[in-house]
Amino acid sequence: MAKRYFHYDEIASEQSAGYTKALGEEFVPGPVDGEDLIRSRTQVAIVGAGPAGLVLALLLQHEGIDCVVVERQTQAYVETRARAGFIEHRVVEFLRQHGLSEGLDLRGVPHTTCEFRHGGSQYIVPYGDLSGGAHVVYPQQFLVRDLLELFTSRGGKVLFSHPAVKMEGMEDNRAVVTCVVQDSSDSPLQLELECDFVAGCDGFHGLSRTSIPSTHVMTFTKQYGIGWLALLAEVPSSMKRIVYALHDSGFAGQMPRTPQVTRFYLECLPGDLESEWPDDRVWRELRKRMAIDGENDLITGPIIERRVLDMRSVVTEPMQYGNLFLAGDAAHIITPVGAKGMNLAIADAEVLARALIAHYRKRDGTLLREYSKTRLPHVWRVQEFSDWMLRLIHSTDGSNEQAFSERLRRARLERLCGSNAYANLFAESYVGR
Ligand code: RFL
């Protein structure tokens, strides 16, 4: 049966009313496993409305390049998913240059100092002065909301509740992304999105990376055998700076988020269940591990989120396959130790956008061909820094030689506070200059 083609504008504008009802006799149901089918076309299909996908979408939109974002989750889910908070100096500058920083400039808080606590001593590192840069603390969900609002207010279309379920034709210039339309009707509808390019910005559990034949990619993985209990508490930050506490019982950290909400981390066993960490145990461990000379100034309050994370890092090489380009967590994940994941995702989107713009505006495909080669050295530099930091703040290095590791940690901290060259290198990598 012949299939009718729709521009995504027609689909998106009718989305709230439900496709079936809105398009009525306008579309011809196709015989795809008994499901209805709609076809549409765009230049760049962006899979995933996280930081990578939305930054890419805005940069392409600015250049008049047609793109459509398909997102598995609902808008409400995407706009409230709390994860990152530290935005690197270079990324802040980039967002400003492109007019994407209004909310961040209004509500973000610059941070320039961090503190390590070890054996009753405090080691304060003024990384801002050392590097001439600053982090801005601005929760990821706020940034995502800002980017979404900008993109849609300029006419951009994001198809929420549209999980991509199939990607084909990337190797022979006939890329098609198939999504299932999750509406309330009984018969599910499929959307086939034909495009020149697919930007796989769908995070670590997305479809893009796994759509590349295994013969064409290498995946490098490091499992650290360490767990972190990631917590969000409805309390103001007790200490106004970022704190990394190195303790015999394990690492504890405090990362400011908003005046009312603070993120804490507690090292735990990788397989721990959240239920094994009730509030009183969490606060007891945080108090103990963050104390200086038995004293601490921790403000306690309701814990609004707790999640056990496995410390692991993964890099996929290359970050492209035919006309499919991976960006952000879809291509690499990094332990949250150095607060780098979202920053890498935005940096990928920046480079990919530049390459796509050169392709469409100058008919020059060089940057696209070299996308992976351009990004991977930066990705590995950041992985190296995160790995260094992870070894600094955890006593478990898998060697059973705990006492030796302890002394190494102290030596590292003393150099960090005693050697300008050492501290400068840390500050530059940490702040992302
Ligand atoms: P995201 O944000 O995961 O977005 C991917 C989007 O793709 C959608 N998706 C699909 N859509 C359509 N079809 C499919 N088949 C799909 N499959 C998935 C998903 O629903 C989602 O909306 O990836 P992106 O854009 O690459 O951004 C990466 C960042 O989110 C991530 O690296 C950071 O959150 C990591 N991270 C931190 N990064 C920092 O730079 N600074 C930090 O301070 C920081 N803190 C953190 C973090 C991550 C954490 N967790 C939870 C792992 C703290 C934590 C606790």
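Everything numeric here is computed off the predicted structure, so don't read it as measured data.

About the cut-offs
Residues numbered from 1 in each chain as written. Predicted model: local features only at pLDDT ≥ 70, side-chain atom pairs only at ≥ 80, totals over all residues. Heavy atoms only, no water. 1 Å grid on protein atoms, 1.4 Å probe; cavity = no way out; pocket = protein on both sides within 12 Å on 5 of 7 lines; lining within 4 Å. Points joined across faces, edges and corners; volume = space filled by probe spheres on them. Nonpolar A, V, L, I, M, F, W, Y, C, P; charged D, E, K, R; others polar. Pairing = 2+ DSSP bridges. Helix = DSSP H or I, 4+ residues; strand = E, 2+ residues; numbered from the N terminus. Domains from an automatic or database assignment. Contact = heavy atoms within 4.5 Å. Axes fitted to C-alpha atoms, helices over the stretch in contact; angles between N-to-C directions. Parallel < 35°, antiparallel > 145°, perpendicular 65-115°, else oblique. Phe/Tyr/Trp six-rings, centres within 6.5 Å; stacked < 30°, edge-to-face > 60°. Buried < 20%, exposed > 50% of the residue type's maximum accessible area, 1.4 Å probe, protein only. Lys NZ or Arg CZ within 6 Å of the ring centre and 35° of its normal. Salt bridge = Lys/Arg side-chain N within 4 Å of Asp/Glu carboxyl O.

Asker: Looking at this structure, I do not really get empty space enclosed by the protein. What am I missing?
Answerer: Once rolled over the atoms, a probe with the size of a water molecule shows which space is left empty. Within this structure, the stated rule accounts for one cavity of 30 Å³ or more. Of the volumes computed, that of the largest cavity is approximately 30 Å³. When the residues that make up the lining of the largest cavity are grouped by side-chain class, the tally is four nonpolar, two polar and two charged.

Asker: Help me out: how do you make sense of the sheet that holds strand S5 (residues 109-111) in this one?
Answerer: Within a sheet, each strand pairs with its neighbour through backbone hydrogen bonds, oriented either parallel or antiparallel. Overall, antiparallel pairing links the three strands, which are arranged S4-S8-S5 in an open sheet. For this open sheet the edge positions go to strand S4 (86-87) and S5, each flanked by a neighbour on one side alone. In this structure, S4 lies alongside strand S8 (residues 135-137), joined through two bridges in antiparallel fashion. Within S8, the residue paired with Phe-86 across the bridge is Val-137.

Asker: For this particular structure, what's the right way to read the layout of surface pockets?
Answerer: Taken as a whole, the second largest pocket holds about 440 Å³ of empty space. Looking at the lining of the second largest pocket, the elements that each hand over two or more residues are helix H12 (371-393) and helix H14 (420-431). Looking at which element gives the most residues to the lining of the second largest pocket, the answer is H12, with six residues. When grouped by side-chain class, the residues that make up the lining of the second largest pocket number six nonpolar, three polar and seven charged. Viewed by domain, the lining of the second largest pocket spans two of them, domain 1 (42-81 + 144-217 + 318-383) and domain 2 (108-137 + 223-313 + 394-431), each represented by three or more residues.

Asker: I tried to follow the sheet that holds strand S6 (residues 114-118) on my own but got confused; where do I start?
Answerer: Read across the sheet, eight strands follow the order S7-S6-S14-S15-S16-S13-S17-S20 without closing on themselves; strand pairing throughout is mixed. Sheet topology places strand S7 (121-125) and strand S20 (332-333) at the edges, where each strand pairs with a single neighbour. Both strand S15 (residues 252-256) and strand S16 (residues 262-268) contribute to a ladder of five bridges, which runs antiparallel. Across the sheet, Gly-253 pairs through a bridge with Tyr-265, a residue of S16. Contacts between helix H9 (residues 279-290) and the sheet are confined to S6, strand S13 (218-233), strand S14 (242-246), S15, S16 and strand S17 (303-317), with S16 contributing the most and set at about 85° to the helix. On the sheet, helix H13 (residues 402-418) packs against S6, S7 and S14 and is oriented at approximately 45° with respect to S7.

Asker: Where do I start with the packing of H13 against H14 in this structure?
Answerer: Any two packed helices are characterised by how steeply their axes cross, that is the angle between the axes, and by the distance between the axes. Closest axis-to-axis distance for the H13/H14 pair is 6 Å, and the angle between their directions is 95°. Considering the angle they form, H13 stands roughly perpendicular to H14. Here H13 contributes Arg-412, Arg-415, Leu-416 and Gly-418 to the contact with H14, which in turn contributes Asn-420, Tyr-422, Ala-423 and Phe-426. The class makeup of the residues in the contact of H13 with H14 is four nonpolar, two polar and two charged.

Asker: Explain the packing of aromatic side chains to me, please; I cannot follow it from the model alone.
Answerer: Tallied over the full model, the rule gives 19 aromatic pairs. With 6.1 Å between their ring centres and 65° between their planes, Phe-116 and Phe-426 make a pair best called edge-to-face. Here Phe-116, found in strand S6, pairs with Phe-426, found in helix H14; they are 310 residues apart in sequence, far enough to count as distant. This pair shows no difference in class: Phe-116 is buried, exactly as Phe-426 is. Summarising the aromatic geometry, the rings of Phe-325 and Tyr-371 are spaced 5.8 Å apart at their centres and angled 80° between planes, so their arrangement reads as edge-to-face. Note that Phe-325 is positioned in strand S19 (residues 324-326) and Tyr-371 in helix H12, a separation of 46 residues in sequence. On the basis of relative accessible area, Tyr-371 is assigned to the buried category, the value being 0%. An aromatic cluster is built from Phe-116, Tyr-127, Trp-228, Tyr-244, Phe-251, Tyr-265, Phe-385, Trp-388, Tyr-422, Phe-426 and Tyr-430, whose rings are joined through pairwise contacts. When the ring centre of Trp-277 is taken as reference, the NZ or CZ atom of Arg-281 above it lies at 3.6 Å.

Asker: Would you explain the pattern of salt bridges in this entry?
Answerer: Working definition: two side chains of opposite charge can pair if their charged atoms are close together. In total, this model carries 19 salt bridges according to the counting rule given. Across the pair Lys-340 and Glu-88 runs a salt bridge, and its minimum N-O distance is 2.6 Å. Here Glu-88 lies in the loop between S4 and helix H5 (89-97) and Lys-340 lies in the loop between S20 and helix H10 (341-362), a separation of 252 residues in the sequence. The class of Lys-340 is buried, set by a relative accessible area of 2%. For Glu-88, a relative accessible area of 6% gives the class buried. Between Glu-93 and Arg-96 there is a salt bridge; the shortest N-O distance is 3.5 Å. In this pair, Glu-93 and Arg-96 are both assigned in helix H5, three residues apart and thus about one turn of the helix distant. Given the relative accessible area of 34%, Glu-93 is considered partly exposed. Classification of Arg-96 by relative accessible area gives partly exposed; the value is 39%. Several salt bridges converge on common partners, so that one network encompasses Arg-39, Glu-192 and Glu-194.

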